Amino acid sequence: MLGYIRRRLVRSTLCKEDFKRVYRLLDIPAIEGDCGALCGHRCCQEYEPGVGMYLLPGEELMFSGRERWLRWSYKSAKHHDFPESWKGLVAFVMCNGTCPREKRPVQCRTFPLMPYISPQGQLSMRLDTLTGSLICPLVSNPERHPLKEEFLERALEAWSILIRDPLIRDDVVQQSRKLDEDESAPWRGLFT
Ligand code: SF4
Ligand code: SF4
C-alpha cells in the first residue's frame, strides 16, 4: 500500500498483534460442516453489483496491498455510512470469490454474526439480519442451522478486543442502532 494513502487512513489504536489474535479467534467455522455447501458460497459471490467489504481501521496491517485476489479502493469516511468520529479514508476491498482462507478479513470471519452494543453499552453478538436475511440460510433459518457455541464465544471475545478502539466501538454502536430500527420496521412483520 502506498505510504501517502496509508497516512490518510482512519487511525486505529489497535496494533498488528491485536488483529493477529482476532484472526486466530475467528479461525473457526460457524456451524458443523461447510456452510458454503448450503448456499453455493453466496456471501463470497458478487450477490449485488459492487459488493465488497470495508476493512476496520488498522486492519490494513494484515495485508501487503499486493494480494492478487483483492482489488483495493479507498473511500472517504465522511461520504459513506461511518460515524462522525471517523476522519480520513477507509480501505474497501473486493475479492474474486476465492481467497486464502487464513487471510480473509474480519468481516468475512464474523459473518453471519455482527457485533451489537445495547443502549446500556453491553456487547453481544447477533445474527446479521442487516445483510444476511436474503442471502444466508444461517440467518434466515437459524433453528435449522444453529451456530456452534464455540464460534459465538470466540466472536464475542474477538469483538471485545476490537471495540477497545473507540472508533470501532462508535461504528458498532451506529450499526446496532440501525439493527434496532430495522428489527422494529413494519416490513419485518411480513417474515414472522
Ligand atoms: S455464511 Fe451464510 S451465505 Fe456465507 S457461505 Fe455460509 S451459509 Fe452461505
Ligand atoms: S475474502 Fe474470502 S471469505 Fe471473504 S468474501 Fe472473499 S472469498 Fe469469501
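What counts, and at which threshold
Residues numbered from 1 in each chain as written. Chains lettered and ligands numbered in written order. Predicted model: local features only at pLDDT ≥ 70, side-chain atom pairs only at ≥ 80, totals over all residues. Helix = DSSP H or I, 4+ residues; strand = E, 2+ residues; numbered from the N terminus. Rg over C-alpha atoms; globule rule 2.2 N^0.38 Å. Buried ≥ 20, exposed ≤ 12 C-beta atoms within 10 Å, placed from the backbone. Contact = placed C-beta atoms within 7 Å. Near = placed C-beta within 6 Å. Nonpolar A, V, L, I, M, F, W, Y, C, P; charged D, E, K, R; others polar. Axes fitted to C-alpha atoms, helices over the stretch in contact; angles between N-to-C directions. Parallel < 35°, antiparallel > 145°, perpendicular 65-115°, else oblique. Left-handed = near helix turned anticlockwise from the far one by under 90°. Pairing = 2+ DSSP bridges.

### Some thoughts on the overall build of the chain
Step number 1: Counting its regular elements, the chain contains eight helices and five strands.
Step number 2: Along the chain, helices and strands appear, N-terminal first, in the series α-α-α-β-β-β-α-β-β-α-α-α-α.
Step number 3: For 192 residues, the compact-globule estimate of 2.2 N^0.38 gives 16 Å, and the chain sits close to it at 16 Å.
Step number 4: Projected onto its principal axes, the C-alpha coordinates of the chain cover approximately 50 × 35 × 30 Å.
Step number 5: Here the chain holds 192 residues, and the buried ones make up 23% of them.
Step number 6: Taking the intrachain contacts of the chain between residues at least 6 apart in sequence as the baseline, contacts between residues at least 24 apart amount to 72%.

### Looking at the site of ligand 1
Step number 1: Close to ligand 1 lie 13 residues; Cys35, Gly36, Cys39, Cys43 and Cys136 are nearest.
Step number 2: Listed by contribution, the elements that provide at least two residues to the shell around ligand 1 are α3 (36–39) and α6 (137–140).
Step number 3: Among the elements that make up the shell around ligand 1, the one with the highest residue count is α3 (three residues).
Step number 4: Looking at side-chain class alone, the shell around ligand 1 contains ten nonpolar, two polar and one charged residues.

### Considering the site of ligand 2
Step number 1: With respect to spatial proximity, the complete set of residues near ligand 2 consists of Cys44, Cys95, Gly97, Thr98, Cys99, Arg104 and Cys108.
Step number 2: Among the residues forming the shell around ligand 2, the class breakdown is four nonpolar, two polar and one charged.

### Describing the packing of helix α2 (residues 16–25) against helix α7 (residues 149–162)
Step number 1: Following both chains from N to C, one finds α2 and α7 inclined at 165°, their axes separated by 9 Å at the closest point. Between α2 and α7, the crossing angle belongs to the class labelled roughly antiparallel. For the pair α2 and α7, the crossing hand works out as left-handed. Contacts from Asp18, Arg21, Val22 and Leu25 of α2 reach α7 at Arg154, Glu157, Ala158, Ile161 and Leu162.
Step number 2: Tallied by class, residues from the contact of α2 with α7 come to five nonpolar, no polar and four charged.

### Some thoughts on the environment of tyrosine 47
Step number 1: Position of tyrosine 47 relative to the elements: it lies in the loop between α3 and β1 (53–54).
Step number 2: Classification of tyrosine 47 as partly exposed rests on a count of 13 C-beta atoms within 10 Å.
Step number 3: Between the C-alpha atoms of tyrosine 47 and leucine 14, which are 33 residues apart in sequence, the distance is 32 Å.
Step number 4: Setting aside its immediate chain neighbours within four residues, tyrosine 47 contacts Arg42 and Ile135.

### Let's talk about the pairing of strand β5 (residues 123–127)
Step number 1: Here five bridges tie strand β4 (residues 113–117) to β5, and the two strands are oriented antiparallel to one another. Residue pairing across strands places isoleucine 117 opposite leucine 123, the latter belonging to β5.
Step number 2: Hairpin connection between β4 and β5: a loop of five residues separates the two successive antiparallel strands, and glycine 121 in this loop has a positive phi of roughly 95°.

### Side note on unusual backbone geometry
Step number 1: The omega angle of the peptide bond from phenylalanine 111 to proline 112 is 15°, so this bond is cis rather than trans.
Step number 2: With respect to the element layout, proline 112 can be found in the loop between α4 (106–110) and β4.
Step number 3: The phi angle at histidine 41 is positive, at roughly 55°, despite the residue not being glycine.
Step number 4: Within the secondary structure, histidine 41 sits in the loop between α3 and β1.

### Describing the sheet that holds β1
Step number 1: With antiparallel pairing, the three strands of this open sheet are ordered in space as β1-β3-β2. Sheet topology places β1 and β2 (70–76) at the edges, where each strand pairs with a single neighbour.
Step number 2: Bridge analysis of β2 against strand β3 (residues 89–95) gives seven bridges, and the strand direction is antiparallel. Within the sheet, the bridge partner assigned to lysine 75 lies in β3 and is valine 90.

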